[in-house]
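Structural overview for review
These are the residues of each chain, in order.
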Amino acid sequence: MIFLKSDRELNYLRDAGKIVAKTLAEIKKATKPDIATNELDRIAADFIKSCGAIPAFKGYHGFPGHICTSINEEVVHGIPGLRKLKSGDNLSIDIGTVINGYYGDAAITVAVGEVDAEIQKLLDVTEESLYKGIAQAITGNRLSDISHAIQSYAESFDYGVVRDFVGHGIGRSMHEDPQVPNYGSPGRGPKLKPGMTLAIEPMINLGTHEVRTLADGWTVVTADRKRSAHFEHTIAVTTDGPEILTKL
Ligand code: MG
């Protein structure tokens, strides 16, 4: 069941989204060669708490971190730890918060130091694919119009669009209906209506779209171990078009 949010609820979601956006900006600033991902995790946890919010990922189905940090061929759900970042790495930072019972969820992938042009292009195209998807989140469209816009843009660069993990509705829970795939034919699924709130999150690979989960039970990597990028925003469908709730 898809929950349509009232104006009052949208305000709570804006609060949660703003804290996510600010935290991502803080972690982006702190991301540089030689910092360990568990240090980024600590900075994020402290910052979120200083905003009066709760880090939403910690303990979610037992997830051990406050944020997800996924390096290079890691697609999503990387666990912060002792590994130090190196120049040339790309790091996906995925952050969720909850405040007043409402959730925000967003991710960015950042270049650490200097990355190869091939990697920077993957990051740029993945981010743009997110905006192509968001542009379709308008009243009267159907859900898969978002999916199709993401897939067709990313595949025009011969990248692999991850199938096994998808975006989601968000509100009083981090994951609500509907699922938001990053692939599919247009014109299918539920009609988009004002008050729908969605986390749209393309995961785009340099090579194959296929992924594997590592033995830690969390970290998702590309099957061919080529690099991957991930960008996410929480958005609301409104009568005035899509509103990005996790933007600064
Ligand atoms: Mg998400």
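These lines cover the structure that appears in this document, whether it is placed above or below. Source: prediction; values computed, not measured.

What follows concerns helix α2 (residues 37-50). For α2, built from 14 residues, the straight-helix expectation of 20 Å at 1.5 Å per residue is met to within 8% by its first-to-last C-alpha distance of 20 Å. The set of residues buried in α2 consists of T37, L40, D41, A44, A45 and I48. Projected onto a plane normal to the axis of α2, the buried residues spread over an arc of 135° and lie on a single side. Packing partners of the buried residues in α2 comprise α1 (7-30), β1 (54-55), β2 (68-71) and β4 (90-99).

Packing of α1 against α2 leaves a shortest axis separation of 10 Å and a crossing angle of 150°. Considering the angle they form, α1 stands roughly antiparallel to α2. Of the two possible hands of crossing, α1 and α2 adopt the one that is right-handed. Across from K22, T23, E26, I27 and A30 in α1, the residues of α2 making contact are L40, I43, A44, F47 and I48.

Here the focus is the layout of surface pockets. In this structure, the largest pocket spans a volume of roughly 430 Å³. Together, 24 residues line the largest pocket, and Y60, H77, H168, H175 and E201 are the ones closest to its centre. Elements with a minimum of two residues in the lining of the largest pocket: β7 (167-169) and β8 (176-180). Looking at the lining of the largest pocket, the element that brings in the most residues is β8, giving four residues. Classifying every residue of the lining of the largest pocket gives eleven nonpolar, seven polar and six charged. Of the volumes computed, that of the second largest pocket is approximately 380 Å³. Considering the residues around the second largest pocket, the lining is formed by 21 residues, among which K28, I108, E127, F231 and H233 are closest to the centre. When residues of the lining of the second largest pocket are assigned to their parent elements, the largest contribution, six residues, is made by strand β5 (residues 102-111). Of the residues contributing to the lining of the second largest pocket, the split by class is twelve nonpolar, four polar and five charged.

Reading the values: the criteria
Residues numbered from 1 in each chain as written. Predicted model: local features only at pLDDT ≥ 70, side-chain atom pairs only at ≥ 80, totals over all residues. Heavy atoms only, no water. Helix = DSSP H or I, 4+ residues; strand = E, 2+ residues; numbered from the N terminus. Expected span 1.5 Å × (residues − 1). Buried < 20%, exposed > 50% of the residue type's maximum accessible area, 1.4 Å probe, protein only. Arc of directions from axis to C-beta. Contact = heavy atoms within 4.5 Å. Axes fitted to C-alpha atoms, helices over the stretch in contact; angles between N-to-C directions. Parallel < 35°, antiparallel > 145°, perpendicular 65-115°, else oblique. Left-handed = near helix turned anticlockwise from the far one by under 90°. 1 Å grid on protein atoms, 1.4 Å probe; cavity = no way out; pocket = protein on both sides within 12 Å on 5 of 7 lines; lining within 4 Å. Points joined across faces, edges and corners; volume = space filled by probe spheres on them. Nonpolar A, V, L, I, M, F, W, Y, C, P; charged D, E, K, R; others polar.

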